[in-house]
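Coordinate inspection notes
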Amino acid sequence: MLIKRRATIQPSEITPEAVYRSRRRFLGTAAAGLLATPAFAAGWLGEKIPSGLGNPEFDEALTPFDLASSHNNYYEFGTDKSDPARHAHGLTIDPWSVEVVGEVGKPGVYTLEDILRPHDFEERVYRLRCVEAWSMVIPWIGIPLQAVLRRFEPTGDAKYVEFTTLYRPSEMPGQRASGFFSSIDFPYVEGLRIDEAMHPLAILAVGMYGQVLPKQNGAPLRLVVPWKYGFKSIKGIVKIRLTETEPKTTWNLSAPREYGFYANVNPEVNHPRWSQANERRLDGSFFGNRIDTRMFNGYADEVASLYSGMNLRRYY
């Protein structure tokens, strides 16, 4: 794991000027769009953001951007890994707001600007492990989830956090009745226990690879929980509900034997249809690089205490 806050960026880590200027031009072309809001621009256009490449604190090679932005599971746009990149360009993300409800002292509908404005952006280089046994290494840019949730003032009864994805069949073909996953009860819902949501590793991402988040990767706002399988890191968030009871989540409802609520990366607990002992690290080659899977995706030192005393075969 590599975490960089703006205050700790060293001159030697600054993005090369040509790359930085290209990012400025990229954001400049989106001046009329949501991701060029004052809050976003203040965090990115005012200073250079590090690329994360070659930093000795994290010696795993990054997944090429072209691969990370074209190989996705986002069934709202189709079932093929290339479908999100093919279809997501038609998604409207301006304006964007998030409804906050449930066990909070400050419920309401918040614009993306409202959510982002008080926070400094951080670059987090995280492993991403899919339940399908492939993996990537991605440099995200975002804000700690805990910092956002605290602003909504969770009550003492808030035991879980439920997240909901945008539901818009007119722009998300996979949500239509004729879609391959038409049996899924959209919109997509995921959830975390409150202590998981408050863990410092969990972030709300708005960018990756020093750029605004591509639509196919969950723009403009997605969750990243690096010690869990990727389907827990819900994309296109439009609602956050804090609740006393465990949320009923999409994949757990659809196939409870295959997709547990916790979905922690665990090489000792296999999927009913395949092993989870190893994974294919995607690197642009035909087969990828086969590596052993690590407990909690390599973040056991940080998160194992969250599950002390739990039977991880039962609560998978």
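Before reading further, recall that the structure is shown in the block above.
These lines cover the structure that appears in this document, whether it is placed above or below. (Residues numbered from 1 in each chain as written. Predicted model: local features only at pLDDT ≥ 70, side-chain atom pairs only at ≥ 80, totals over all residues. Heavy atoms only, no water.)

What follows deals with the overall build of the chain. Tallying secondary structure elements over the chain gives 9 helices and 13 strands in all. A buried classification covers 54% of the 316 residues belonging to the chain. Considering only residue pairs separated by 6 or more positions, the chain has 73% of its internal contacts joining residues 24 or more positions apart. (Helix = DSSP H or I, 4+ residues; strand = E, 2+ residues; numbered from the N terminus. Buried < 20%, exposed > 50% of the residue type's maximum accessible area, 1.4 Å probe, protein only. Contact = heavy atoms within 4.5 Å.)

As a further point, take the sheet that holds strand E7 (residues 189-193). Ordered in space as E3-E2-E11-E6-E7, the 5 strands form an open sheet in which the pairing is mixed. This sheet does not close on itself; its edge strands, each paired only once, are strand E3 (108-111) and E7. With strand direction ignored, the average angle separating the axes of adjacent strands in the sheet is 20 degrees. Judged from the 5 bridges that link them, strand E6 (residues 160-165) and E7 form a sheet pairing that is antiparallel. For Val161, the partnering residue across the bridge sits in E7 and is Leu192. (Pairing = 2+ DSSP bridges. Axes fitted to C-alpha atoms, helices over the stretch in contact; angles between N-to-C directions.)

As a further point, take the pairing of E6. Most of E6 sits out of view: 6 of its 6 residues are buried. Side chains Tyr160, Glu162 and Thr164 project from E6 onto one buried face, and the interleaved Val161, Phe163 and Thr165 project onto a second face that is buried too. In terms of strand pairing, E6 meets strand E11 (residues 237-243) through 6 bridges, oriented antiparallel. Looking at the pairing, Phe163 lines up with Ile240 of E11.

This part covers the nonpolar core. When a protein is soluble and globular, its nonpolar side chains tend to lie buried together. Core analysis: the largest hydrophobic core is formed by 78 residues, its most contacted members being Trp140, Leu145, Leu149, Phe163, Leu223 and Trp227. With 6 residues, strand E5 (residues 134-144) is the single largest residue contributor to this core. Leu145 has contacts with Phe163, Leu192, Ala197, Ala202, Ile203, Leu204 and Leu223, leaving out every residue within four places of it along the chain. (Core = buried A, V, L, I, M, F, W, Y, C linked by side-chain atoms within 4.5 Å.)

Our next topic: the packing of aromatic side chains. Evaluated as defined, the whole model comprises 13 aromatic pairs. For the ring pair Tyr74 and Phe77, a centre distance of 4.8 Å and an interplane angle of 85 degrees mean the geometry is edge-to-face. Among the residues examined, Phe77 registers a relative accessible area of 1% and is labelled buried. Clustering of aromatic rings is evident, with ring pairs tying together Tyr160, Phe261, Tyr262, Phe296, Tyr307 and Tyr315. Between Lys232 and the ring centre of Phe261, over which it is positioned, the NZ or CZ distance is 4.2 Å. Lys235 extends its terminal NZ or CZ atom over the ring of Tyr74, reaching a point 5.3 Å from the ring centre. (Phe/Tyr/Trp six-rings, centres within 6.5 Å; stacked < 30°, edge-to-face > 60°. Lys NZ or Arg CZ within 6 Å of the ring centre and 35° of its normal.)

Right, let's talk about the pairing of E5 for a bit. The side chains of a regular strand alternate, first on one face of the sheet and then on the other. Of all 11 residues that make up E5, 11 are buried, and the element is covered over most of its length. Where strand E4 (residues 122-129) meets E5, 8 bridges bridge the pair, whose relative direction is antiparallel. Paired with Glu122 across the strands is Gly142, a residue of E5. Hairpin geometry of E4 and E5 is characterised by an intervening segment of 4 residues between the two adjacent antiparallel strands and by a positive phi of about 75 degrees at Ala133. Of the strand pairs in this sheet, E5 and strand E12 (residues 278-281) are connected by 2 bridges, and their pairing is parallel. Considered in E12, the bridge of Ser135 is made with Arg281. Strand direction decides the pairing type here: E5 and strand E8 (residues 203-208), joined by 5 bridges, are antiparallel. Within E8, the residue paired with Ile141 across the bridge is Gly207.

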